[in-house]
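Topology and contacts: notes
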Amino acid sequence: MATYLVTGGAGFIGSNLVHELVRRGERVRILDNFSTGRRENLRGLDDKMEIIEGDLGEPAAVKKAVHGTDVILHHAALPSVARSIEDPTGTHAANATGTLNLLVAARASNVKHVVYASSSSVYGDSPVLPKEEGMRPEPKSPYAASKLAGEGYCLAFWKAYGLETVCLRYFNVFGPRQDPNSPYAAVIPNFITRMLQGEPPTIFGDGLQSRDFTYVEDVVEATLLAATVPAAAGQVLNIACGRQHTLWDLVRILNDVLGTETFPRLARPRSGDVRHSQAEVMKARALLGFRPRIDFEEGLRRTVLWIRASTSRPTGTGNDRPGIGETSEGSPAILIAEDDPMLTLVLHEYLDRFDFAVHTTDSHEEARRWLEEEGGLLLLDGSVFKQMGIPLADLPRRAVICSGDADLVEEARRLGMTAFCKGRLDDLGKTLRQIATEGPHIPSSAPIPLRRRAA
Ligand SMILES: NC(=O)c1ccc[n+]([C@@H]2O[C@H](COP(=O)([O-])OP(=O)(O)OC[C@H]3O[C@@H](n4cnc5c(N)ncnc54)[C@H](O)[C@@H]3O)[C@@H](O)[C@H]2O)c1
């Protein structure tokens, strides 16, 4: 088992990486100064990883964070073009000098591998599409220049000292845990939030500018591949979907998903923004075996659900939510384990409409107790059972299996359990409608009777 350091682990992409590493059973430490990162992104992981609160500009904090780690996923940065236009020096300090400080510490501590989160912005406005890694970078904002400087240091440390570094140029990443409320919020969470509030989003320019929007789950997959493939050392790789969508496309699809007819407000173009962006992803495919799996529409649907759920979810750690014993009398109870956006969606979109007592937990221990007590219907990420070493056949009859692992779902169904693949929204919706109307498929007991809530 390797020890991973995720810098910027409380941020959007970093926290998605941390959740996945923990899910895979890896040892994880994060270094973050919480300037743009949020503690709630790491909810439920308190005892499963180590947090070092510190700045890339503080040598002692960086040294402490790097000590004893094998792989660094370097994601700490000030990521906004607009912010860099206002404060180029601050952006340089965090992104360029911060990267240099980290590499110096990594070398001194004999770290094996560093994955650097670079950015498509380094290509600038060259009209050639798609962007290939061999093209000459033409940064047009201090942010892009600082990310390119970080790449330069990574490649120099590979060539001068043999420190294995790989630079991944991410293209407009979006998905759960991206901050919708920051003054520098990225376009997708910004538009979704405004449209959910019934307000028009603002398009800077004519809206025909395009981006290669990439769902965060695909970025996490690519990053973890890059961390383990030795041939990636010394390389620069595009990580993207390989498609191109304009901001008008974005508004149209969001209107479809939300069932709205919002028309955007147009404003003057912003300095530093590039016009078009689309990636060639052949190199990442050849070197890492990376293939993006979530298309733009599906990614947007999931992001909308997450933003909806996270803005209406009660705050708290889970300990202040109702406990296992507090099921309402006569109602079937459901325990939703894992702080998973898809399961939160289940809670908000489907189960709330029926007469269930619903609890959520981030604790595997609580899930285990629930299992032992057979307190009610258990809706649980199947992979958690694997981590707990419990065979599917030993699960109580009322468990409903939800998993991203298609083989596991298949196995559960063979055993006669209700199971669905959480990666597929239509599958999930279909299964839950069935549970809600007929009760879960339980071979040796009567279905749980459900009553529709009074309107
Ligand atoms: N989101 C995108 O579309 C995108 C695209 C291309 C590249 N990237 C790169 O990916 C990385 C992560 O971006 P994100 O969108 O998750 O941003 P984010 O702002 O959500 O995360 C950045 C994290 O770094 C931390 N941080 C900032 N400065 C720090 C410092 N000096 N010391 C310690 N911690 C610090 C912040 O608190 C935050 O948790 C960044 O390097 C960014 O440049 C992001």
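Note that the structure is a prediction, hence the values are computed from the model and not measured.

Overview of the overall build of the protein
From N to C terminus, the protein includes 15 helices and 18 strands. Looking at the 455 residues of the protein, the share that counts as buried comes to 45%. Sequence-distant contacts, at least 24 apart, represent 72% of the contacts inside the protein between residues at least 6 apart.

Topic: the nonpolar core
Ranked by size, the top nonpolar core spans 78 residues in total, and within it I72, A106, V114, L168, A226 and I239 carry the most contacts. Top contributing element to this core by residue count: helix 7 (residues 216–226), with 6 residues. Leave out the neighbours within four places in its chain, and A226 touches V115, V166, L168, A232, L237 and L288. Y143, A144, A145 and L148 belong to the second largest nonpolar core, which has 7 residues in total.

Observations regarding helix 1 (residues 12–23)
Helix length check: helix 1, at 12 residues, gives a terminal C-alpha distance of 17 Å against a target of 16 Å (1.5 Å per residue), a fit within 8%. With respect to burial, helix 1 is a largely interior element, 9 of its 12 residues being buried. Every buried residue belonging to helix 1 is among F12, I13, G14, S15, N16, L17, V18, H19 and L21, and all of these are buried. On its buried side, helix 1 packs onto strand 1 (3–7), strand 2 (27–32), strand 4 (71–74), strand 5 (113–119), strand 7 (173–174) and helix 7. Of the residues trailing helix 1, G25 is marked for its positive phi of about 85 degrees.

Some points on the environment of M417
Assignment of secondary structure puts M417 in the loop between helix 14 (406–414) and strand 18 (419–421). Judged by the 23 C-beta atoms lying within 10 Å of it, M417 is buried.

Some thoughts on the pairing of strand 11 (residues 236–239)
With burial as the criterion, each face of strand 11 is covered, one bearing V236 and N238 and the other bearing L237 and I239. The pairing of strand 6 (residues 164–170) with strand 11 spans 4 bridges and is classified as parallel. Its bridge partner being in strand 11, Y170 is matched across the sheet by I239.

Focus on the site of the ligand
Near the ligand lie 30 residues; those nearest to it are G8, G11, T36, G37 and A77. Where the shell around the ligand is concerned, the elements lending two or more residues are helix 1, strand 2, helix 4 (88–108) and strand 5. Considering each element in turn, the shell around the ligand owes the most residues, 3 residues, to helix 1. Grouping the constituent residues of the shell around the ligand by class yields 15 nonpolar, 12 polar and 3 charged.

What counts and what doesn't
Residues numbered from 1 in each chain as written. Predicted model: local features only at pLDDT ≥ 70, side-chain atom pairs only at ≥ 80, totals over all residues. Helix = DSSP H or I, 4+ residues; strand = E, 2+ residues; numbered from the N terminus. Buried ≥ 20, exposed ≤ 12 C-beta atoms within 10 Å, placed from the backbone. Contact = placed C-beta atoms within 7 Å. Core = buried A, V, L, I, M, F, W, Y, C linked by C-beta atoms within 7 Å. Expected span 1.5 Å × (residues − 1). Pairing = 2+ DSSP bridges. Near = placed C-beta within 6 Å. Nonpolar A, V, L, I, M, F, W, Y, C, P; charged D, E, K, R; others polar.

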